[in-house]
Amino acid sequence: MLESEAVSLACARAKPDHLKAMELALLQFESSPELVQKTRYHVTFHMSIARAAGNPVIETMFRAISDSTIELVLRSLADPEVYRLGTPYHREIYEGVCDGDGDRAVSALTKHLSFAESLYGKDFDRSLDILAERELERLVGPDIPLEKLLQIAAKDIDDD
């Protein structure tokens, strides 16, 4: 809801410097080979939309949730299927804002955000820690918690 409103307002209010910031973030995202960099520019792109909305409340709210969304972005960008399906919409969102086409930009944003949710289902809002612990339990069994596995790995490294 927050981002849909932000992109709709950005279509009506974005100034040339906002569009330049969006384009720069998008180009950096597209050219970054590394996951953390991509995550940074992904969040920067979405933040630039919030800034272009010209509404300080939306920008403040986006800043307030940006830390918690980083986990979701990391997970989405690390998942090849979500990455393949979701990231092409960045360009469409950007072009919609540039053209002042709110329907196009909101539609692209909605599709962009919905891929991860549809693929992750009930795990969409769960912490990466919870998901990692569940996957670890599946791989090595319930008797070896993450802390124990890390101790074993550290000991193996020390022994080498």
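Residues numbered from 1 in each chain as written. Predicted model: local features only at pLDDT ≥ 70, side-chain atom pairs only at ≥ 80, totals over all residues. Heavy atoms only, no water.

Asks: I'd like a description of the packing of aromatic side chains, backed by residues and values.
Replies: Aromatic ring pairs are reported here in terms of the distance separating the ring centres and the angle at which the planes meet. A complete count under the given rule lists 1 aromatic pair for this structure. Pairing phenylalanine 29 with tyrosine 83 gives two aromatic rings, centres 6.3 Å apart and planes at 35 degrees, and the pair type is tilted. Residue phenylalanine 29 is located in helix H2 (residues 16-31), and its partner tyrosine 83 is located in helix H5 (residues 80-86); the two are separated by 54 residues in the primary sequence. Sitting over the face of the ring of phenylalanine 29, lysine 38 holds its NZ or CZ atom 4.7 Å from the ring centroid. (Phe/Tyr/Trp six-rings, centres within 6.5 Å; stacked < 30°, edge-to-face > 60°. Helix = DSSP H or I, 4+ residues; strand = E, 2+ residues; numbered from the N terminus. Lys NZ or Arg CZ within 6 Å of the ring centre and 35° of its normal.)

Asks: With reference to specific residues and values, describe the state of the cysteines.
Replies: Taken as a whole and assessed by the stated rule, the structure comprises 0 disulfides. A disulfide-free cysteine, cysteine 98 has its sulfur positioned 9.1 Å from the sulfur of cysteine 11, the nearest such atom. (Disulfide = S-S within 2.5 Å.)

Asks: Requested: an account of the nonpolar core, with residues and values cited.
Replies: Membership of the largest hydrophobic core comes to 24 residues, with the highest contact counts inside it found for Val7, Met22, Phe45, Ile49, Ile58, Ile93 and Val97. Listed by contribution, the elements that provide at least two residues to this core are helix H1 (2-13), H2, helix H3 (35-52), helix H4 (56-78), helix H6 (88-99) and helix H7 (102-120). Ranked by residues supplied to this core, first place goes to H1 with 6 residues. One finds Phe29, Tyr41, Val43 and Val73 within the second-largest nonpolar core, a separate group that totals 5 residues. (Core = buried A, V, L, I, M, F, W, Y, C linked by side-chain atoms within 4.5 Å. Buried < 20%, exposed > 50% of the residue type's maximum accessible area, 1.4 Å probe, protein only.)

Asks: Describe in detail the pattern of salt bridges, supporting the description with residues and values.
Replies: Throughout the structure, instances matching the rule amount to 7 salt bridges. In this structure, the salt-bridge partner of glutamate 81 is arginine 84, at a minimum N-O distance of 3.0 Å. Pair noted here: glutamate 81 and arginine 84 are both in helix H5, with a separation of 3 residues, about one helical turn. With its nearest N and O atoms 3.4 Å apart, the salt bridge here joins arginine 104 to glutamate 92. Linking arginine 104 in helix H7 with glutamate 92 in helix H6, this pair joins segments that are 12 residues apart in sequence. Judged by relative accessible area, glutamate 92 falls into the partly exposed class, the value being 34%. Salt bridges sharing partners connect three or more residues here, namely Glu92, Glu95, Asp99 and Arg104. (Salt bridge = Lys/Arg side-chain N within 4 Å of Asp/Glu carboxyl O.)

Asks: Before we move on, can you summarise H4 with the specific residues and values?
Replies: The end-to-end C-alpha distance of H4 is 31 Å, a good match for the 33 Å that 23 residues give at a rise of 1.5 Å each. The largest bend in H4 is about 50 degrees, located at aspartate 67. Turning to H4, its buried residues number three or more, namely Ile58, Glu59, Phe62, Ser66, Val73, Arg75, Ser76 and Leu77. (Expected span 1.5 Å × (residues − 1). Bend = angle between axes of the 7 residues up to and from the residue.)

Asks: Give me the environment of alanine 25: which residues, what numbers.
Replies: If you trace the backbone, alanine 25 turns up in helix H2. Remark: the alpha-carbon pair of alanine 25 and lysine 38, spanning 13 residues in sequence, is separated by 9.6 Å.

Asks: Could you give an account of the side chain of histidine 18, naming the residues involved and the relevant values?
Replies: Within the element layout of this structure, histidine 18 appears in helix H2. Residues contacting histidine 18, with those up to four places away along its chain left out, are Arg13, Arg51 and Ala52. (Contact = heavy atoms within 4.5 Å.)

Remember, this is a structural readout, not a statement about activity or role.
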